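Structure at a glance
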Amino acid sequence: MKIAIIGAGNLGLSIATGILHSGGATSMYLTRRNLNSLKGFEEYGNVNLSSDNREAVAASDILIFAVQPGHFGSILESVKDLLHENHVVISTITGFSIERIESLIGTDHHIIRAMPNTAISVGRSMTCLCANEKGRKRLELASAIFNRMGHTMVIPEARMQAATVICASGIAFWMRLIRATTQGAIQLGFDAREAQELAMHTCQGAAELLITSGSHPEEEIDRVTTPMGCTIEGLNEMEHQGLSSSLIRGIVSSFDKISQIRKG
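On a predicted model such as this, the values are computed, not experimentally measured, just so you know. Within every chain, residues take consecutive numbers counted from 1 along the sequence as written. The model is predicted, so local features are restricted to residues of pLDDT at least 70 and side-chain atom pairs to those at 80 or more, both for listing and for counting; the totals for chains, interfaces and linings are taken over all residues. For the side-chain quantities, the full set of heavy atoms in the structure was used; hydrogens and water were omitted.

Some details on the confidence of the model for the chain
Confidence per residue, as judged by the predictor, is encoded in pLDDT with a range of 0 to 100. In this model, the chain carries an average pLDDT of 94, and 99% of its residues clear a pLDDT of 70 or more. The secondary-structure element of the chain with the lowest mean pLDDT is helix α1 (residues 10–21), recorded at 87, while strand β5 (residues 88–91) shows the highest, at 98. Each helix corresponds to a stretch of at least 4 residues labelled H or I by DSSP, and each strand to a stretch of at least 2 residues labelled E; elements are numbered beginning at the N terminus.

A few points about the layout of surface pockets
Two kinds of site are reported from a 1 Å grid over the protein atoms alone, namely cavities, where a 1.4 Å probe fits but cannot get out, and pockets, open sets with protein on both sides within 12 Å along at least five of seven lines, and residues are called lining when an atom falls within 4 Å of a point. Grid points are joined across faces, edges and corners, and a volume is the space filled by probe spheres set on the points. Roughly 1000 Å³ of volume is contained in the second largest pocket. Residue lining of the second largest pocket: 39 residues in total, with Ala-66, Val-67, Gln-68, Pro-69 and Ile-93 positioned closest to the centre. Secondary-structure elements contributing two or more residues to the lining of the second largest pocket are α1, α3 (69–79), α6 (160–187) and α10 (243–263). When residues of the lining of the second largest pocket are assigned to their parent elements, the largest contribution, six residues, is made by α6. Nonpolar residues are Ala, Val, Leu, Ile, Met, Phe, Trp, Tyr, Cys and Pro. Charged residues are Asp, Glu, Lys and Arg, and all others, Gly as well, are polar. Taken together, the residues that form the lining of the second largest pocket break down as 16 nonpolar, 19 polar and four charged.

Observations concerning the side chain of His-109
Note on placement: His-109 falls in the loop between α4 (98–105) and β6 (110–115). When checking whether two residues touch, look at their non-hydrogen atoms; a contact exists if any pair is within 4.5 Å. Among all residues touching His-109, those that are not within four sequence positions of it are Leu-83, His-84, Asn-132, Lys-134 and Gly-135.

Quick look at the pattern of salt bridges
When a carboxyl oxygen of Asp or Glu lies within 4 Å of a side-chain nitrogen of Lys or Arg, that pair is called a salt bridge. Counted according to the given criterion, the structure contains seven salt bridges. When the shortest N-O distance is used, the salt bridge between Arg-54 and Asp-81 registers 2.8 Å. Of the two residues, Arg-54 sits in helix α2 (residues 53–58) while Asp-81 sits in the loop between α3 and β5, which places them 27 residues apart along the sequence. Since its relative accessible area comes to 34%, Arg-54 is described here as partly exposed. Relative accessible area decides the class of each residue, using a 1.4 Å probe on protein chains only: under 20% of the type maximum gives buried, over 50% gives exposed, and in between gives partly exposed. The exposure class assigned to Asp-81 is exposed, which follows from its relative accessible area of 53%. Close ionic contact of Arg-193 with Glu-197 constitutes a salt bridge, the shortest N to O distance being 3.3 Å. Pair noted here: Arg-193 and Glu-197 are both in helix α7 (residues 192–213), with a separation of four residues, about one helical turn. We classify Arg-193 as exposed; its relative accessible area is 57%.

Put into structure tokens, the structure is as follows:
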């Protein structure tokens, strides 16, 4: 596949790294105004670095846009005359609707919105996808690309803002929980490196248990809680202090904020 990533910033580079590490591209273009930060990608023989978006679009079939929302419209305007029936336009831009993209380049294009998270760089992204009517024919292709870097789910576009909070902002939420567990482990006597290692791998194990078994979280909780034991004591104290409530309220607050941004 000939892939162009238009806007090789933090997310764009995470996507590029994930694709390259999984062998998912026969050739790749990375575009950015300042190419200095992209020099490390020159070691890949099939990667071209360019500040010319038109050059990248003309040489590629799959176009992944990871630019700032304020720049996306003008970039689409600048390349739309190059778009042909084989192009697949994949947007990772938060809040930029398919309808708005179609108003700029027309409805007769394969248009897909993708919401990955930064774990894509290590092959562990949760990526949500939606498409316009024509783009639905390429959802399988988009899923194949992003499944090489984690897991995908096709959802209605109306759920994309919620998916942004759960999956993209969710990385930060889980990082904070891991950090808190690390701090607790330090207080119990582990040094900082040991504490973080314990927290990280326990978190990973909990997720893998659910993924592999298909269990509900409460089923796995029941396996490790015994009557009058230390686990239930700790869980109940966390709930008394509002653990679940705080998480839910934080998620809803983030969703309210992203909804305000879209209206603005």
